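# Close look at the chain arrangement
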Amino acid sequence: MPPLLALSLGQAKAAALTVVLLLIVASVAGAWLMKTVVQKAAVVVILLLVALLVWSQRAALDECADKVQTAGFRGETSCTFLGNDINISTRASN
């Protein structure tokens, strides 16, 4: 079964960074809007954990792409990002 969403490495990195930034902003906004300390703490912790998950997946994707490049692979392969395949194309150097 083909992946539902095929992203390039650059698109996946940009999307991950955007999601991390939005989650950090949402955690600050949630802390400001929530009334009780328990609600604030829960929202901030949950959103920061999701941001950490996305950031770690971004780092894993970057590491996978580096391994593909250092192995001298030429052609197309894929790495995973949150369970989705990300196609990585490498070209032979001229």
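Below is a short write-up of the structure. Chains are numbered independently. Their residues run from 1 in the order of the written sequence. Given that this is a predicted model, residues contribute local features only at a pLDDT of at least 70 and side-chain atom pairs are listed and counted only at 80 or more, while totals for whole chains, interfaces and linings are drawn from all residues. Hydrogens are left out, water is left out, and the side-chain values use all remaining heavy atoms of the structure.

## Some points on the overall build of the chain
- To qualify as a helix, a DSSP run of H or I must reach at least 4 residues; to qualify as a strand, a run of E must reach at least 2; elements of each kind are numbered from the N terminus. Assigned secondary structure in the chain consists of 2 helices and 2 strands.
- Ordered by position from N to C terminus, the α and β elements of the chain give α-α-β-β.
- The buried share of the chain, taken over its 94 residues, is 20%.
- Restricting the contact set of the chain to residue pairs at least 6 apart, pairs at least 24 apart contribute 47%.
- Surface summary for the chain: the accessible area is close to 6600 Å², and the carbon and sulfur share equals 66%. Throughout this description, buried means an accessible area under 20% of the type-specific maximum (1.4 Å probe, protein chains only), exposed means over 50%, and partly exposed covers the range between. For this analysis, residues touch if any pair of their heavy atoms sits within 4.5 Å. Areas reported here follow the Shrake-Rupley algorithm with a probe of radius 1.4 Å; residue values treat only the protein chains shown as occluding.

## Points about the environment of R58
- When you line up the elements, R58 lands in helix α2 (residues 37-70).
- Each C-alpha atom of the pair R58 and A12 lies 7.6 Å from the other, and the pair is 46 residues apart in sequence.
- Once you skip the residues sitting within four places of it in the chain, R58 turns out to touch K13, A16, L17 and F81.

## Quick notes on the nonpolar core
- In this structure, V54, L61, F81 and I86 are the most contacted members of the largest nonpolar core, which totals 14 residues.
- Sequence-distant contacts of L61, defined by excluding residues within four places in its chain, comprise L9, A12, C79, T80, F81 and I86. To qualify as a nonpolar core, a set must consist of buried Ala, Val, Leu, Ile, Met, Phe, Trp, Tyr and Cys residues joined through side-chain atoms within 4.5 Å.

## Some thoughts on the environment of V28
- Secondary-structure assignment places V28 in helix α1 (residues 9-33).
- Distance in space between the C-alpha atoms of V28 and L47 is 9.5 Å, their sequence separation being 19 residues.

## Brief notes about the packing of α1 against α2
- Lines fitted to C-alpha atoms define the axes here, with helix axes fitted over just the stretch in contact, and angles between the N-to-C directions of these axes take values from 0 to 180 degrees. The geometry of α1 relative to α2 is characterised by a closest axis approach of 9 Å and an angle of 165° between their N-to-C directions. Judged by the angle between their axes, α1 and α2 are roughly antiparallel. The way α1 lies across α2 gives a crossing that is left-handed.
- Grouping the constituent residues of the contact of α1 with α2 by class yields 20 nonpolar, 2 polar and 4 charged. With respect to orientation, any angle under 35 degrees is reported as roughly parallel, any angle over 145 as roughly antiparallel, any angle of 65 to 115 as roughly perpendicular, and every other angle as oblique. Note on convention: near helix rotated counterclockwise from far helix by under a right angle means a left-handed crossing. Clockwise means right-handed. Under the scheme applied, nonpolar residues are Ala, Val, Leu, Ile, Met, Phe, Trp, Tyr, Cys and Pro; charged residues are Asp, Glu, Lys and Arg; polar residues are all the others, including Gly.

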